[in-house]
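# Working through the structure, step by step
The residues making up each chain are set out below.
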Amino acid sequence: MSRTVYINGSYLPEEDAKVSIFDRGFLMADAIYEVTAVIDGKMIEFDGHLERMRRSLRELDIAYDPNKEEMLAIHRELIARNHLVHGGVYIQITRGNPGDRDFLYAEGESIPPTIVLFTQERPDPRHSKLDKGWAVMTMEDLRWKRRDIKTVQLLYPSIAKTTAKRLGFDDTWMIEDGTITEGTSNNAYIIKDGVIITRHLSNDILHGITRASLLKYAQSRQMKIEERPFTLDEALAAEEAFVTSASTYVMPVVSIDGQDIGTGKPGEHTLALRQMYIEESVKVAI
Ligand code: PMP
């Protein structure tokens, strides 16, 4: 059945929603996006995603400041119209359509942004089978250096994920200057001597909304956290590994480049963290 999607103020059947070929999102990947998870028809971490969206827009100098109530209403309307129970809401905001292709873009509010939202269904994460976890491979991180901005420039992560799938893996961890940056669409963690180790925030990685809350919840339960880069060798010698994102929540990583991590099964800390994250965030979902 066709979804109802949102485009620039209208709710339309997905086949009727059209964007110009001159839109800078299409021609230049000049656009930002967010994905907000939905469980039981309610949004997880809506405020965090909205705040990061504002930051991405500011960093790219796109003259649009989303209004919270309006954004919340659009997200909710799409969830309702599509009867979405579990899954996510995708939003993309582009610099708009200047009417022709040009490397130069005007500053300020000369053209309206293009705003598109749609829903995607996924299974209830509380019922997912996690007995296998993810097998990841590694590749050099060949992305641009502003990975803290959530742009739709996703070609390299998409190549890296597809390469992984073709070779029988579930995802790729990217490596730069000898340390892991992150997964193709998730933040990467290892656990060593009971300590959670994950790369510190910088322009090298996306500042995951799931990451921020997970670390907060882990800290409140007296778990030790080290925010620093870690090497592939450290990861291979770790007891556990996992990734986080709004789509996977907390996903165990059981092997890297074909080598088992710990027992080669989802780790007990990882599974506890997943349960804790989902439970806590469902409590405050809106
Ligand atoms: N890193 C990258 C590169 C991502 O694309 C994502 C998900 N969009 C994440 C990390 C995780 O971020 P979040 O927890 O906010 O989904």
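Please read all numbers here as calculations on a predicted model, not as lab measurements.

### Some details on the overall build of the protein
Scanning the protein from terminus to terminus reveals 7 helices and 15 strands. Since a compact globule built from 286 residues should have a radius of gyration of about 19 Å, the 19 Å found for the protein is in line with a globular shape. Overall, the protein is about 55 × 40 × 35 Å in size when its C-alpha atoms are taken along their principal axes. Evaluated residue by residue, the protein yields a buried proportion of 51% over its 286 residues. Partitioning the intrachain contacts of the protein with sequence separation of at least 6 by distance along the chain shows that 71% fall at a separation of at least 24. Considering the protein, the positive charge centre built from 35 side chains and the negative charge centre built from 44 side chains are found 3 Å apart.

### Some words on the pattern of salt bridges
A complete count under the given rule lists 26 salt bridges for this structure. Measuring nitrogen to oxygen at the nearest pair gives 2.9 Å for the salt bridge that ties R55 to D148. Of this pair, R55 sits in helix 2 (residues 46-59) while D148 is found in the loop between strand 7 (134-140) and helix 4 (155-166), placing the two residues 93 residues apart along the sequence. Residue classification places R55 among the partly exposed residues on the basis of a relative accessible area of 24%. Looking at D148, the relative accessible area reads 1%, which means it is buried. Of the charged contacts, one joins R146 and D148 as a salt bridge, the two residues approaching to 2.9 Å between their closest N and O atoms. Taken together, the shared-partner salt bridges connect D141, R143, K145, R147, E176 and E182 into one network.

### Some words on the pairing of strand 5 (residues 87-94)
By the criterion of burial, strand 5 is predominantly enclosed, with 8 of the 8 residues buried. Across 8 bridges, the pairing between strand 3 (residues 31-39) and strand 5 is antiparallel. Across the sheet, the residue bridging to V35 is Y90, located in strand 5. The pairing of strand 5 with strand 6 (residues 114-121) spans 8 bridges and is antiparallel. Along strand 6, the bridge assignment pairs V89 with T119.

### Re the domain arrangement of the protein
Domain boundaries in the protein define domain 1 (4-122) and domain 2 (134-283). Contacts between the two partners involve 22 residues from domain 1, matched on the other side by 21 residues from domain 2. When domain 1 packs against domain 2, close to 1900 Å² is buried across both sides, 60% of that on carbon and sulfur atoms. Of all residues in domain 1, the largest losses of buried area upon contact with domain 2 belong to Y33, E45 and R52, amounting jointly to 33% of the total for that side. The tally of links between domain 1 and domain 2 comes to 9 residue pairs in polar contact (both at pLDDT 80 or more).

### A short note on unusual backbone geometry
Although it is not a glycine, D61 adopts a positive phi angle of roughly 60°. Tracing the backbone shows D61 in the loop between helix 2 and helix 3 (68-81). Phi at Y249 takes a positive value of approximately 60°, unusual for a residue other than glycine. As for its placement among the helices and strands, Y249 is situated in strand 14 (residues 249-256).

### Concerning the sheet that holds strand 5
A sheet is described by the order of its strands in space; here 6 strands give the open sequence 2-1-6-5-3-4, paired in antiparallel fashion. For this open sheet the edge positions go to strand 2 (10-13) and strand 4 (42-43), each flanked by a neighbour on one side alone. Relative to the sheet, helix 2 contacts strand 3, strand 4 and strand 5, its axis offset from that of strand 3 by approximately 180°. Of the strands in this sheet, strand 1 (4-7), strand 2, strand 3, strand 4, strand 5 and strand 6 touch helix 3, which is tilted by about 40° from strand 6.

### A closer look at a nonpolar patch on the surface
The grouping of I21, F26 and L27 at the surface amounts to a nonpolar patch, some 310 Å² of accessible area in total. Counting through the fold element by element, F26 comes out in helix 1 (residues 24-28).

### Quick look at the site of the ligand
Within the structure, the ligand sits among 17 residues, and R52, K150, E182, I209 and T210 are positioned closest to it. Here an oxygen atom of the ligand and a side-chain polar atom of R52 are 2.8 Å apart. T210 is positioned with one of its side-chain polar atoms (N or O) 2.6 Å from an oxygen atom of the ligand. Tallied by class, the residues present in the shell around the ligand amount to 4 nonpolar, 9 polar and 4 charged. Looking at which domains feed residues into the shell around the ligand, each of domain 1 (4-122) and domain 2 (134-283) supplies at least three.

Conventions and cut-offs
Residues numbered from 1 in each chain as written. Predicted model: local features only at pLDDT ≥ 70, side-chain atom pairs only at ≥ 80, totals over all residues. Heavy atoms only, no water. Helix = DSSP H or I, 4+ residues; strand = E, 2+ residues; numbered from the N terminus. Rg over C-alpha atoms; globule rule 2.2 N^0.38 Å. Buried < 20%, exposed > 50% of the residue type's maximum accessible area, 1.4 Å probe, protein only. Contact = heavy atoms within 4.5 Å. Lys, Arg positive; Asp, Glu negative; His and termini not counted. Charge placed at Lys NZ, Arg CZ, Asp CG, Glu CD. Salt bridge = Lys/Arg side-chain N within 4 Å of Asp/Glu carboxyl O. Pairing = 2+ DSSP bridges. Domains from an automatic or database assignment. Buried area = accessible area lost by both parts, 1.4 Å probe. Polar contact = N/O pair within 3.5 Å; in protein donor to acceptor, adjacent residues only side chain to side chain. Axes fitted to C-alpha atoms, helices over the stretch in contact; angles between N-to-C directions. Patch = residues over 30% accessible without salt bridge, like charges linked within 9 Å, V, L, I, M, F, W, Y side chains within 5 Å. Areas by Shrake-Rupley, 256 points an atom, 1.4 Å probe, with all protein chains shown as cover. Near = heavy atom within 4 Å. Nonpolar A, V, L, I, M, F, W, Y, C, P; charged D, E, K, R; others polar.

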